[in-house]
Amino acid sequence: MKIIVCVKQVPDTTEVKIDKETNTLIREGVPSILNPDDANALEQALTIKDTYDNVEITVLSMGPPQADVMLRECLAMGADNAILLTDRAFGGSDTWATSNAIAAAIKKIGNYDLILAGRQAIDGDTAQVGPQISEKLGIPQVTYVEDLEMNGKTLRVKRQLEDGYELIEVEMPVLLTAVKELNEPRHMYIDKIFDAYKKEIPFMTINDVDITTTEVGLKASPTRVFKSFTPEVKGKGVILEGTEKEVASKLVAELKQVHII
Ligand SMILES: Cc1cc2nc3c(=O)[nH]c(=O)nc-3n(C[C@H](O)[C@H](O)[C@H](O)COP(=O)(O)OP(=O)(O)OC[C@H]3O[C@@H](n4cnc5c(N)ncnc54)[C@H](O)[C@@H]3O)c2cc1C
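So, here's what we can say about the structure. Every chain is numbered on its own, with residues counted from 1 as its sequence reads. Selection of residues for local features in this predicted model requires a pLDDT of at least 70, selection of side-chain atom pairs for listing and counting requires 80 or more, and totals for whole chains, interfaces and linings are taken over all residues. In computing side-chain values, all of the structure's heavy atoms are included and hydrogens and water are not.

### Topic: the site of the ligand
When at least one non-hydrogen atom of a residue lies within 4 Å of a molecule or strand, that residue is treated as near it. Close contacts around the ligand come from 31 residues, with Cys6, Lys8, Asp38, Ala121 and Thr126 the closest. Here Met62 contributes a backbone N or O atom positioned 2.8 Å from a nitrogen atom of the ligand. Polar contacts, as used here, are pairs of N or O atoms within 3.5 Å; protein pairs need one atom able to donate a hydrogen and one able to accept it. Residues neighboring in sequence count only if both atoms are side-chain atoms. At 2.6 Å, a side-chain N or O of Thr126 approaches an oxygen atom of the ligand. Contact with the protein chains covers 88% of the free accessible surface of the ligand, which is 940 Å². Elements that contribute at least two residues to the shell around the ligand include exactly strand 6 (56-62), helix 3 (95-109), strand 8 (114-118) and helix 4 (129-137). Grouping the amino acids of the shell around the ligand by side-chain chemistry returns 11 nonpolar, 14 polar and six charged. All accessibility values rest on the Shrake-Rupley procedure with a 1.4 Å probe; residue burial counts only the protein chains present in the view. Each helix is a run of H or I in the DSSP string that is no shorter than four residues. Each strand is a run of E no shorter than two, and both are numbered from the N terminus. Amino acid classes used here: Ala, Val, Leu, Ile, Met, Phe, Trp, Tyr, Cys and Pro are nonpolar; Asp, Glu, Lys and Arg are charged; the rest, including Gly, are polar.

### Topic: unusual backbone geometry
Between Met172 and the following residue, Pro173, the backbone shows a cis peptide bond with an omega angle of 5 degrees. The topology assignment puts Pro173 in the loop between strand 11 (164-171) and strand 12 (174-178). Residues other than glycine seldom take positive phi values, yet Asn54 does so here, at roughly 55 degrees. Looking at the element boundaries, Asn54 is found in the loop between helix 1 (36-51) and strand 6. The backbone of Asp125 sits at a positive phi, close to 70 degrees, despite the residue not being glycine. By secondary structure assignment, the location of Asp125 is in the loop between strand 8 and helix 4. On the accessibility criterion, Asp125 (45% relative accessible area) is partly exposed. Only protein chains enter the accessibility calculation, which uses a 1.4 Å probe; a residue is then buried when its area is under 20% of its type maximum, exposed when over 50%, and partly exposed in between.

### Things to note about the sheet that holds strand 9 (residues 141-151)
Hydrogen bonds between backbone atoms are what pair the strands of a sheet, whose relative direction is either parallel or antiparallel. A pair of strands is considered paired only if DSSP assigns at least 2 bridges between the two. Read across the sheet, nine strands follow the order 11-10-9-12-8-1-6-7-13 without closing on themselves; strand pairing throughout is mixed. Of all the strands in the sheet, the pair left with one neighbour each is strand 11 and strand 13 (203-204). The criterion used for residue contact is that any of the two residues' heavy atoms lie within 4.5 Å. The angle between two axes is taken between their N-to-C directions and runs from 0 to 180 degrees, where each axis is a line fitted to C-alpha atoms and a helix contributes only its stretch in contact. Each of strand 6 and strand 7 (81-85) touches helix 2 (residues 68-77); the most contacted strand, strand 7, lies at about 165 degrees to it. This element, helix 4, spans strand 1 (2-6), strand 8, strand 9 and strand 12 of the sheet and lies at about 180 degrees to strand 12.

### So, the packing of helix 2 against helix 5 (residues 190-198)
Two elements in contact, helix 2 and helix 5, have axes separated by 8 Å at closest approach and are oriented at 140 degrees. With respect to their mutual orientation, helix 2 and helix 5 come out oblique. Seen along the crossing, helix 2 lies across helix 5 with a hand that is right-handed. Residues Val69, Arg72, Leu75 and Ala76 of helix 2 touch helix 5, and the partners they reach there are Lys192, Ile193, Ala196 and Tyr197. For classification, angles of less than 35 degrees are called roughly parallel, those exceeding 145 degrees roughly antiparallel, those between 65 and 115 degrees roughly perpendicular, and all remaining angles oblique. A crossing counts as left-handed when the near helix is turned anticlockwise from the far one by less than a right angle, and as right-handed when that turn is clockwise.

### Overview of helix 3
With 15 residues, helix 3 ought to run about 21 Å at 1.5 Å a step, and its terminal C-alpha atoms sit 21 Å apart, in line with that. Counting buried residues in helix 3 gives 12 out of 15 residues, a clear majority hidden from the surface. Where helix 3 is concerned, the buried positions are Thr95, Ala97, Thr98, Ser99, Asn100, Ala101, Ile102, Ala103, Ala104, Ala105, Ile106 and Ile109. If you check the start of helix 3, you find a side-chain oxygen 3.1 Å away from the backbone N of Trp96, and it comes from Asp94. Helix span is expected to be 1.5 Å times the residue number reduced by one.

### So, the state of the cysteines
Only a pair of cysteine sulfur atoms within 2.5 Å counts as a disulfide in this structure description. Using the criterion set out here, one finds zero disulfides in the structure. Free cysteine Cys6: the closest other cysteine sulfur is in Cys74, separated by 11 Å. The class of Cys6 is buried, set by a relative accessible area of 7%. The class for Cys74 is buried, based on a relative accessible area of 0%.

Everything listed here is a matter of coordinates, which is why it stays silent on function.
Spelled out as structure tokens, the structure:
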């Protein structure tokens with residue numbers, strides 16, 4: 001069984017710097033980590049590998065060359081292979097262009113049974129890339145996966161909803177996106193850390209996948225960030241004075257005034 005896990009390197013800080021010229025994120029110099037939901041996706045793949053024979057896990061990331069550090073982390077957790085999809089032509093991609101590139105790389109890797117991604121990346125925060133990849137591959141998707149049972153080629157998936165869950169049966173090949181409730185990601189194995197740092201991480205460029213510059217990068221992206229800014233700090237809080245009853249009626253009045261109730 002072949003599993004591909006899509007992993008993104010994200011800045012480990014809320015103080016993300018922004019390039020004022022291009023209005024894109026500056027990733028250089030900002031401490032980076034494996035996106036938390038992607039760690040859950042990888043853990044699910046590793047659990048399957050722990051349970052069944054002949055499971056091969058490939059982690060795939062699109063990003064700048066320094067994303068190889070995060071991929072090594074994934075190898076040290078137990079992934080078998082890592083591939084970095086990297087090319088200047090991919091720079092500035094929005095979610096449509098990002099998923100075009102990743103789907104093209106997955107087609108190139110081929111023969112997959114299961115694709116796992118995180119629900120959402122903590123920097124872009126859109127939760128769009130997973131579903132878009134599945135559309136471009138023409139395979140079903142189940143998002144917000146919080147539990148999973150495997151029975152041959154059939155998966156029984158528990159999908160998180162706001163007020164409950166859905167149980168969905170789906171045949172592989174399928175793409176699933178993981179939420180943090182799915183599992184507790186394991187730590188890296190010490191012996192695997194050494195191997196992971198010795199390994200060469202293969203990369204793919206635009207020339208290695210079946211895609212053109214009309215489908216990736218800033219120019220090809222249908223959306224463009226034209227302005228980004230730090231949200232203004234909200235005003236100071238107010239402490240209401242009086243007896244409990246007075247405070248309660250003042251609170252109700254205030255909330256009514258701002259149409260919260
Ligand atoms: C309107 C808009 C315009 C944008 N324009 C630009 C721009 O001009 N320049 C720019 O640099 N960025 C831009 N971005 C950000 C860029 O689109 C995102 O970083 C990227 O598409 C991933 O989206 P996301 O972070 O929301 O991931 P999500 O959709 O939240 O990620 C979900 C999951 O998909 C997988 N995934 C996501 N990205 C990757 C990846 N790179 N490699 C492997 N797996 C991945 C992971 O498993 C992840 O958990 C833009 C975003 C938006 C919404």
